[in-house]
Amino acid sequence: MTGAWRRGLGTAAALAWLQLVLIAPAHPDAVTARALWLLPLELPVILLAMVALPQRGRGPAAWALGAVLATLTAAKVADLSARLALARPFNWWLDAHLLGAAWEFLAGAAGPVGPVAALAAMAALVLAVAWSSARAARTLGAAADRLGRRRALAAALLVAAGYAGVATVRWTTPLWPPVEAFTARLAAQHAAAAWRARDDLARFRAAARRDAVAAVADERLFARLRGRDVVLAFVESYGRAVAAGPPHGARTRAGLRRLGAAARARGLGVRSAWLKSPTVGGQSWLAHASLLSGLDVDTQVRYRALVRSDRRTLTHLTGRAGWRRVAVMPAITRAWPAARYYGYDRLYDRDALAYAGPAFNWVTMPDQYSLAVLARRELADPADRAVFAEIALISSHAPFVPVPPVVPWGEIGEGRIFARWAEQGPSPDELWRDPGRVRAHYGDAIAYVLASLRAFVADKLPRDAVLIVAGDHQPAPLITGTGATRQVPVHVIAPPTVLAHLESWDWTRAAVPDPDAPVWPMHAFRDRFVRAFTPAADASPLRKARAAP
């Protein structure tokens with residue numbers, strides 16, 4: 001092969017490489033063979049720049065281009081990952097904290113090698129894109145020198161005109177192939193999203209200061225619930241998809257009917273509906289904060305603003321009304337500063353729960369153990385002060401393996417009994433190679449949580465108590481598919497005299513919510529719950545409350 005042929009192939013390879021980098025997708029639905037035919041408008045701009053620049057300016061320009069394309073490639077990978085896990089693009093202003101959470105999840109699911117390997121692969125990709133893109137740009141500049149400045153500029157202008165012509169035709173007719181400045185648009189979208197997030201923070205802080213609940217007198221707050229234990233249970237990744245649709249709908253509805261039957265056997269009733277969660281696939285704490293605070297806490301920036309504010313949550317309000325406030329948080333494995341904001345009288349984190357059995361990959365302990373500790377330490381003595389307990393049920397958290405059975409309460413002890421199931425089933429690494437098996441194990445995990453709740457209602461929940469069960473968010477799109485709503489089931493299990501105060505809610509009178517049952521924003525629950533159980537004279541300020549953003 002002659003030198004001219006080699007140089008020609010090198011120039012073609014440089015163009016092909018820049019084409020691939022520019023059309024690399026940022027959305028899972030775009031990972032198709034058809035995406036290879038996208039014509040990026042940025043390519044003729046790069047070509048013109050490398051031809052028009054003097055030789056001494058091409059080197060710095062090439063390395064600058066490599067750095068920009070490497071950064072945007074990292075943004076695309078972040079978007080792909082966020083859309084797969086959270087059904088939304090990554091926001092660099094709001095979501096930087098998720099990098100640490102992703103590291104911890106990978107370490108819990110795949111061991112310490114997992115996050116190190118992922119970080120190394122990402123670093124290698126970014127460096128490869130930076131170096132190869134810079135080299136490709138320099139190759140184009142060298143080709144221009146060989147061709148001659150005028151002829152090279154004319155050729156580059158001809159390519160740019162061709163792209164512009166195709167783009168013009170595409171704007172007026174649905175012809176193929178597509179032409180667009182996809183990567184440049186992505187950069188602009190990320191910059192705009194970060195700017196909007198900064199503006200949103202001021203509006204959220206103002207909303208946090210407007211709190212009609214502050215006007216309700218302490219002595220009459222929740223007067224219709226006085227003396228009753230109230231348990232608020234958030235179920236991890238318990239979304240409408242598992243309760244209403246295939247492949248798990250029939251099994252989940254059967255589990256809910258058994259839960260309802262256990263409640264009726266204790267003289268309790270059930271009401272059910274749907275809530276719209278502020279998040280999908282993760283960041284459960286945003287859902288918890290939204291329901292408790294009455295504000296739409298849909299980003300980490302809003303969450304940080306909330307826990308630094310004077311906004312009163314259900315934990316504060318029940319404390320004002322005389323309840324002892326506890327939190328059972330088995331996934332909390334280190335200091336949790338937000339606990340001070342919520343004002344718990346007692347926090348049962350992983351260490352305080354004193355679990356002596358093995359962890360189930362990321363899941364620190366099975367949910368039945370957490371429920372057993374709550375019942376034994378906080379609900380067993382009716383002479384004690386009434387308790388408002390928030391509990392996070394985490395057995396349905398990814399990686400959904402292994403899943404233990406429900407065991408007799410008397411055999412739980414310190415949890416060592418669960419060791420016999422800790423190594424059953426496939427490893428997370430093996431399981432997550434097959435999306436079909438992942439979805440099946442997710443269904444198993446939700447079934448286990450519902451069975452644990454049924455056993456708790458049947459044997460451990462005081463007869464005069466109130467149990468609120470809410471999903472925190474839908475699972476990741478890998479489980480639900482794309483296009484799923486953000487809706488999650490919510491249930492209230494309580495004595496009929498308590499449920500009588502909820503008639504205006506028009507919720508389904510069963511554990512399985514009707515498809516057309518009311519759908520509330522998750523942050524609407526706090527004020528409606530306060531209004532239902534506070535006598536009208538003192539709840540009247542709530543009627544004047546403005547909608548939270």
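Conventions and cut-offs
Residues numbered from 1 in each chain as written. Predicted model: local features only at pLDDT ≥ 70, side-chain atom pairs only at ≥ 80, totals over all residues. Heavy atoms only, no water. Helix = DSSP H or I, 4+ residues; strand = E, 2+ residues; numbered from the N terminus. Contact = heavy atoms within 4.5 Å. Pairing = 2+ DSSP bridges. Axes fitted to C-alpha atoms, helices over the stretch in contact; angles between N-to-C directions. Salt bridge = Lys/Arg side-chain N within 4 Å of Asp/Glu carboxyl O. Phe/Tyr/Trp six-rings, centres within 6.5 Å; stacked < 30°, edge-to-face > 60°. Lys NZ or Arg CZ within 6 Å of the ring centre and 35° of its normal. Parallel < 35°, antiparallel > 145°, perpendicular 65-115°, else oblique. Nonpolar A, V, L, I, M, F, W, Y, C, P; charged D, E, K, R; others polar. Buried < 20%, exposed > 50% of the residue type's maximum accessible area, 1.4 Å probe, protein only. Left-handed = near helix turned anticlockwise from the far one by under 90°. Core = buried A, V, L, I, M, F, W, Y, C linked by side-chain atoms within 4.5 Å.

> I'd like a rundown of the side chain of His 248, residues and numbers included.
Mapping His 248 onto the fold places it in the loop between helix H8 (240–244) and helix H9 (249–265). The contacts of His 248, once residues within four sequence positions are left out, are Val 242, Arg 439, Ala 440, Tyr 442 and Gly 443.

> Lay out the sheet that holds strand E8 (residues 466–471) in plain terms, naming residues and giving numbers.
Pairing in this open sheet of eight strands is mixed, and the strands run E6-E5-E7-E3-E8-E9-E4-E10 from one edge to the other. Of all the strands in the sheet, just strand E6 (346–348) and strand E10 (519–521) have a single pairing partner and so form its edges. Each neighbouring strand pair of the sheet contributes to a mean axis angle of 20 degrees, computed without reference to strand direction. The sheet contact formed by strand E4 (residues 269–276) and strand E9 (residues 487–494) spans eight bridges and is antiparallel. Each residue of the ladder has a partner; that of Gly 269, found in E9, is Ala 494. Of the strands in this sheet, strand E3 (230–235), E4, strand E7 (387–393) and E8 touch helix H10 (residues 284–293), which is tilted by about 145 degrees from E3. Taken strand by strand, helix H14 (residues 367–379) contacts E3, strand E5 (324–328), E6 and E7, and its axis lies near 170 degrees from that of E7.

> I'd like to hear about the pattern of salt bridges, residue by residue, with values.
Applying the stated criterion across every chain yields a total of 13 salt bridges. Of the charged contacts in the structure, one is a salt bridge between Asp 218 and Arg 320, with a shortest N-O distance of 2.6 Å. Residue Asp 218 is found in the loop between helix H7 (182–209) and E3, and its partner Arg 320 is found in helix H12 (residues 314–320); the two are separated by 102 residues along the sequence. The partner of Glu 414 in a salt bridge is Arg 416, and the shortest N-O contact between them spans 2.6 Å. Each of Asp 211, Arg 311, Arg 526 and Asp 527 takes part in one network of salt bridges that share partners.

> Which residues make up unusual backbone geometry, and what values go with them?
If a residue is not glycine, its phi is most likely negative; likewise, a peptide bond is most likely trans. Backbone torsion omega between Ala 398 and Pro 399 reads 20 degrees, so that peptide bond is classified as cis. Mapped onto the fold, Pro 399 is located in the loop between E7 and helix H15 (428–431). Residues Val 401 and Pro 402 are joined by a peptide bond in cis, for which omega reads -10 degrees. Mapped onto the elements, Pro 402 comes out in the loop between E7 and H15. Unusually for a residue other than glycine, Ser 237 sits at a positive phi of about 55 degrees. With respect to the helices and strands, the residue Ser 237 is situated in the loop between E3 and H8.

> Account for the packing of aromatic side chains, with residues named and values stated.
Following the criterion strictly, the structure yields 16 aromatic pairs and no others. By way of ring pairs, the aromatic residues Phe 222, Trp 323, Trp 505, Trp 507, Trp 520, Phe 525, Phe 529 and Phe 533 are connected into one cluster. Note that Arg 528 overlies the ring of Trp 520, its terminal NZ or CZ placed 4.3 Å from the centroid.

> Break down the packing of H9 against helix H16 (residues 435–459) for me, citing the residues and quoting the values.
Put simply, H9 and H16 touch, their axes get as near as 8 Å, and they point 5 degrees apart. Regarding the angle of H9 to H16, the classification is roughly parallel. Along its contact with H9, which presents Arg 251, Thr 252, Gly 255, Leu 256, Arg 258, Leu 259, Ala 262 and Ala 263, the element H16 presents Gly 443, Asp 444, Ile 446, Ala 447, Leu 450, Leu 453, Arg 454, Val 457 and Ala 458. Across the contact of H9 with H16, the residue classes tally to ten nonpolar, three polar and four charged.

> An account of the pairing of E7 is needed here, citing residue identities and associated values.
The buried fraction of E7 amounts to seven of the seven residues, a majority that puts the element mostly inside the structure. Alternating residues of E7 divide into Val 387, Ala 389, Ile 391 and Leu 393 and Phe 388, Glu 390 and Ala 392, and every residue in both groups is buried.

> Pulling in residues and values, what's your account of the packing of H14 against H16?
The N-to-C vectors of H14 and H16 enclose an angle of 25 degrees; their axes lie 9 Å apart at closest approach. The orientation of H14 with respect to H16, classified from their angle, is roughly parallel. When you trace H14 past H16, the crossing you get is right-handed. Along the contact surface, H14 presents Asp 367, Gln 368, Leu 371, Leu 374, Ala 375 and Leu 379, while H16 presents Tyr 448, Val 449, Ser 452, Leu 453 and Phe 456.

> Could you give an account of the nonpolar core, with specific residues and numbers?
Ranked by size, the top nonpolar core spans 124 residues in total, and within it Phe 222 and Leu 314 carry the most contacts. If one sorts the elements of this core by residue count, H16 sits on top with eleven residues. Not counting residues up to four positions away in its chain, the partners in contact with Leu 314 are Phe 222, Leu 291, Leu 292, Phe 388, Phe 525, Arg 526, Phe 529 and Val 530. By size, the runner-up hydrophobic cluster in this structure holds 16 residues, among which are Leu 18, Val 21, Ile 46 and Val 129.

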